[in-house]
Amino acid sequence: MDYDKYVKIPMFIILDRNVCNNNKILYGIIILLSHKEGYCYADNKYLGNWLGVCSRRISGLLRELSDNNYITMEYKHRFQRKIYINKEKFTPDLLENFF
């Protein structure tokens, strides 16, 4: 399967009214970028280019995803982080189709 050709966004986040629409797309992008390594290591500028927003806005979006328990972030250094998808949100059948 060509994982780099499209973004898949699970219905549970689409239906979550606590998460803004940009974040729903960002979540799909993070899933896409984490496919190979199991985590996403893209910086805010890179993610911002995909969404057409500034790095500062990405920081807020990531914080919202983290606050709603969709992602966890692990910081190695100030400018180096790993973004992990919280797979507890996924049902077993969704896990099979997404990862």
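Look a little higher up for the structure.
Note that the structure is predicted; figures quoted are calculated from it, not measured. (Residues numbered from 1 in each chain as written. Predicted model: local features only at pLDDT ≥ 70, side-chain atom pairs only at ≥ 80, totals over all residues. Heavy atoms only, no water.)

Structural notes on the packing of aromatic side chains
Applying the stated criterion across every chain, the model contains six aromatic pairs. Ring plane angle 5° and centroid distance 6.1 Å describe the contact between F12 and Y70, whose orientation is recorded as stacked. You can see F12 sitting in helix α1 (residues 11–14) and its partner Y70 sitting in the loop between α4 (55–67) and β1 (71–77), a full 58 residues away along the chain. Since its relative accessible area comes to 3%, Y70 is described here as buried. The interplanar angle of 50° and the centroid separation of 5.9 Å between the aromatic rings of Y46 and W50 together place this pair among those described as tilted. Of this pair, Y46 and W50 both sit in helix α3 (residues 44–51), separated by four residues, roughly a single helical turn. What makes Y46 partly exposed here is its relative accessible area of 38%. By relative accessible area, W50 is classed as partly exposed at 39%. (Phe/Tyr/Trp six-rings, centres within 6.5 Å; stacked < 30°, edge-to-face > 60°. Helix = DSSP H or I, 4+ residues; strand = E, 2+ residues; numbered from the N terminus. Buried < 20%, exposed > 50% of the residue type's maximum accessible area, 1.4 Å probe, protein only.)

Examining the packing of α3 against α4
It is the contact of α3 with α4, at a shortest axis distance of 8 Å, that shows an interaxial angle of 95°. As judged from the angle between their axes, α3 and α4 are roughly perpendicular. In this structure, α3 contributes N44, K45, L47, G48 and L51 to the contact, and α4 contributes S55, I58, S59, L61 and L62. Split by residue class, the contact of α3 with α4 holds five nonpolar, four polar and one charged. (Axes fitted to C-alpha atoms, helices over the stretch in contact; angles between N-to-C directions. Parallel < 35°, antiparallel > 145°, perpendicular 65-115°, else oblique. Contact = heavy atoms within 4.5 Å. Nonpolar A, V, L, I, M, F, W, Y, C, P; charged D, E, K, R; others polar.)

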